[in-house]
Amino acid sequence: MRISFGRVGARLTALLPGRTDVAEMRRDPRRDLLAGLTVAIVALPLALGFGVSSGLGAEAGLATAVVAGALAAVFGGSSLQVSGPTGAMTVVLVPIVAEHGPGGVLAVGLMAGVMLVALALLRAGKYMQYVPAPVVEGFTLGIACVIGLQQVPNALGVPKPEGDRVLVVTWRALAEFTRNPNWTAVALALAVAAVMVVGARLRPTVPFSILAVITATVVAQVAGLDAAKPIGDLPSGLPVPSLAFLDPGALGSLLAPALVVAALAALESLLSASVADGMTVGQKHDPDRELFGQGLANIAAPLFGGVPATGAIARTAVNVRTGAGSRLAALTHAAVLAVIVFAAAPLVSKIPLAALAGVLLATAIRMVEVGSLRAMAKATRSDALILVLTAVATLALDLVYAVIIGLVVAGALALGAVAGQARLDQVPLDRGDHSAEEHALLAEHIVAYRIDGPLFFAAAHRFLLELAEVADVRVIILRMSRVTTVDATGALVLKDVVEKLNRRGIVVMTSGIRPEQRRVLDSVGASELLGLRGREYTTTPAAIQGARAHLECAGVLPSLPARTHRPIGEETIGKETEETVG
């Protein structure tokens, strides 16, 4: 146990901040402070909007941005990552709120945080890079559609209908709007969205989101637009940390949602950190430390009433583009939002919900990278299929099923592609020291096949069973030097084929079996069968010589003069080189 605790302690120490982090924050604090202020201005309406969309209220979004944003900035694995509430997480939280209530969401966030810390200790960060790009692009597109549809009730100025399926809720909201239209809310939402989308193209560095929200709020207050429903009262400060929401009896039913939240937090955070690396020179995030930081952030945020958080791609991109160089920028972003919570809550509470809906509509539009989607769709049919299936599943089902479907389909198509690379080719026999007449006799009774590629479950039956149909030969030589991998299924099929051929009086000899392949063959008893009476050889020339010796003993071939016989294994260097290469 001492060793175990010692290893855990050493692992925790490796995940904690170090002196280099502090040194980076001292390089150019002025630039980082300015970048953090800019990100905070961009993040404010997003935090409010995602809090409202999650069902826990704007105050939950602000608490998440402050608490999770600060902890992830200090303990995360990326110096430029900005964390907080995100649209992808909101998509997952809505059905959890509907089923388990606000307390269930807070408990799920806490449990997910513990899971993320465990993943960091287990060094699981590196495995997230194996999620295929079409799956990522597909669920990003699906999430963008879901986020946009989630804003329909607030954008139309109607109460949010009952239900946890976004398509159903959207349809009911449209039906309510046709009965009681609220064109003021529609105008505010569309105006804010248009300003953000157009402004981002003209002046990417200007925070049009906050400008549009301020303008919409002022117009609604001055004009006395009653139809522009505001956010409502916000607390002036963060609540006292509490675990009152935790119900030990309900933890079992919350385990599955917590796994979903943890998986999404890990995937989105590491994806966002990778985006930050790609936008800079010399920056490289630590995936395990990023999981650790996100875990601590999600453990702490629920204590203050916050929703689960992840790394935010849009805010991280703004942070990088405005010149951030260290964690100080993300810390500043959290500090500025904390000041707003304590000092400007009454003003923030007057923001119309329709204006926040416009912010999130524009965010959903900007999430869709048309160029990336077009490139992915043109790459291969398989990539296009995975992308479309994942996006449709995200919209029609939920994010978890979408990712599972995308991964399963991608895995199946990848296996098919790998299996298609496996080949079984008949190869000509080396004439060696044989005369033309003797070679003709050899060719009549001996056939050699070369197996290229993987010999595993998806490919073995396709070509090895063809060997069972070979006729009019006495010896088959299998050249296995180019077999890349063998699994139990491939070894069993090979064993079955050899047994069938042996029962028909056809001898099977092999050459070039590697040690790692031999272990698999041993496990199913195939090695014992292949090595029967010395029928396994190191090189193909030795196997050919062994096959000829077998046929001579059987009286099928005439014996050669003594001078032409060479002991097995004494092949020329040229032949060994040819076998190694071929």
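Before reading on, note that the structure itself is shown above.
No experiment lies behind these values; they were computed from the predicted model shown. The numbers attached to residues start from 1 for each chain and follow its sequence in the written order. Given that this is a predicted model, residues contribute local features only at a pLDDT of at least 70 and side-chain atom pairs are listed and counted only at 80 or more, while totals for whole chains, interfaces and linings are drawn from all residues. With hydrogens and water set aside, each side-chain value is computed from the structure's full complement of heavy atoms.

1. Some thoughts on the overall build of the chain
Link 1 in the chain: By definition, any uninterrupted DSSP run of H or I lasting at least four residues is a helix, any uninterrupted run of E lasting at least two residues is a strand, and each is numbered from the N terminus. The number of helices and strands found in the chain is 26 helices and eight strands.
Link 2 in the chain: The 582 residues of the chain split such that 50% are buried.
Link 3 in the chain: Restricting the contact set of the chain to residue pairs at least 6 apart, pairs at least 24 apart contribute 82%.
Link 4 in the chain: The protein chains shown are the only cover counted for residues, whose accessible areas, like all others here, come from Shrake-Rupley with a 1.4 Å probe. With the model as given, the accessible surface of the chain reaches about 26800 Å², and the carbon-plus-sulfur share is 63%. Here the term buried applies to any residue with accessible area under 20% of the maximum for its type, exposed to any over 50%, and partly exposed to those in between, with areas from a 1.4 Å probe on protein chains only. Should any heavy atoms of two residues lie within 4.5 Å, those residues are counted as being in contact.

2. With respect to unusual backbone geometry
Link 1 in the chain: In the Ramachandran plot, Arg 123 falls in the positive-phi region, its phi being about 60° despite a non-glycine side chain.
Link 2 in the chain: Topologically, Arg 123 is positioned in the loop between helix H5 (87-121) and helix H6 (133-150).

3. Points about the packing of aromatic side chains
Link 1 in the chain: Aromatic pairing here means that ring centres of Phe, Tyr or Trp (its six-membered ring) are within 6.5 Å. Orientation follows from the plane angle: under 30 degrees is stacked, over 60 is edge-to-face, and everything else is tilted. Overall, the coordinates contain two aromatic pairs when judged by the stated rule.
Link 2 in the chain: Note on Phe 75 and Phe 292: the rings are 6.5 Å apart at their centroids and 75° apart in plane angle, and the pair reads as edge-to-face. Taken as a pair, Phe 75 in helix H4 (residues 58-75) and Phe 292 in helix H12 (residues 287-300) lie far apart in primary sequence, 217 residues in all.
Link 3 in the chain: In this structure Phe 292 comes out as buried when scored by relative accessible area, which is 5%.
Link 4 in the chain: On the numbers, 5.1 Å between centres and 85° between planes, the contact of Phe 177 with Trp 183 is edge-to-face.
Link 5 in the chain: For Phe 177, a relative accessible area of 11% corresponds to the buried category.

4. Concerning the pattern of salt bridges
Link 1 in the chain: Any carboxyl oxygen of Asp or Glu within 4 Å of a side-chain nitrogen of Lys or Arg constitutes a salt bridge here. Counted by the stated rule, this structure contains eight salt bridges.
Link 2 in the chain: Across the pair Arg 31 and Asp 28 runs a salt bridge, and its minimum N-O distance is 3.7 Å.
Link 3 in the chain: For Arg 31, a relative accessible area of 41% puts it in the partly exposed group.
Link 4 in the chain: A residue is classified by how much of its surface remains accessible, and Asp 28, at 31% relative accessible area, is partly exposed.

5. Side note on the environment of Val 318
Link 1 in the chain: With respect to the secondary-structure elements, Val 318 resides in helix H13 (residues 313-321).
Link 2 in the chain: With a relative accessible area of 13%, Val 318 lands in the buried category.
Link 3 in the chain: Sequence-wise, Val 318 and Gly 36 are 282 residues apart; in three dimensions their C-alpha atoms are separated by 9.4 Å.
Link 4 in the chain: Excluding residues within four positions of it along the chain, Val 318 makes contact with Thr 38, Val 39 and Val 42.

6. Digging into H13
Three or four residues apart is the spacing at which side chains of an α-helix point the same way, because the helix has 3.6 residues per turn.
Link 1 in the chain: For H13, the set of buried residues is Arg 315, Thr 316, Ala 317, Val 318, Asn 319 and Val 320.
Link 2 in the chain: Residue Gly 323 follows H13 closely and has a positive phi angle near 95°.

7. Here we look at the environment of Arg 514
Link 1 in the chain: On the secondary structure map, Arg 514 appears in the loop between strand E7 (507-511) and helix H23 (515-523).
Link 2 in the chain: Each C-alpha atom, one on Arg 514 and one on Met 480, is 8.2 Å from the other, the two residues being 34 residues apart in sequence.
Link 3 in the chain: Aside from chain neighbours lying at most four places away, what touches Arg 514 is Ser 481, Arg 482 and Val 483.
Link 4 in the chain: Pairs of N or O atoms are called polar contacts if they sit within 3.5 Å, as long as, within protein, a hydrogen donor faces a hydrogen acceptor (for residues adjacent in sequence, only side-chain-to-side-chain pairs). Within the structure, the side chain of Arg 514 is placed 2.7 Å from the backbone oxygen of Ser 481, a separation counted as a polar contact.

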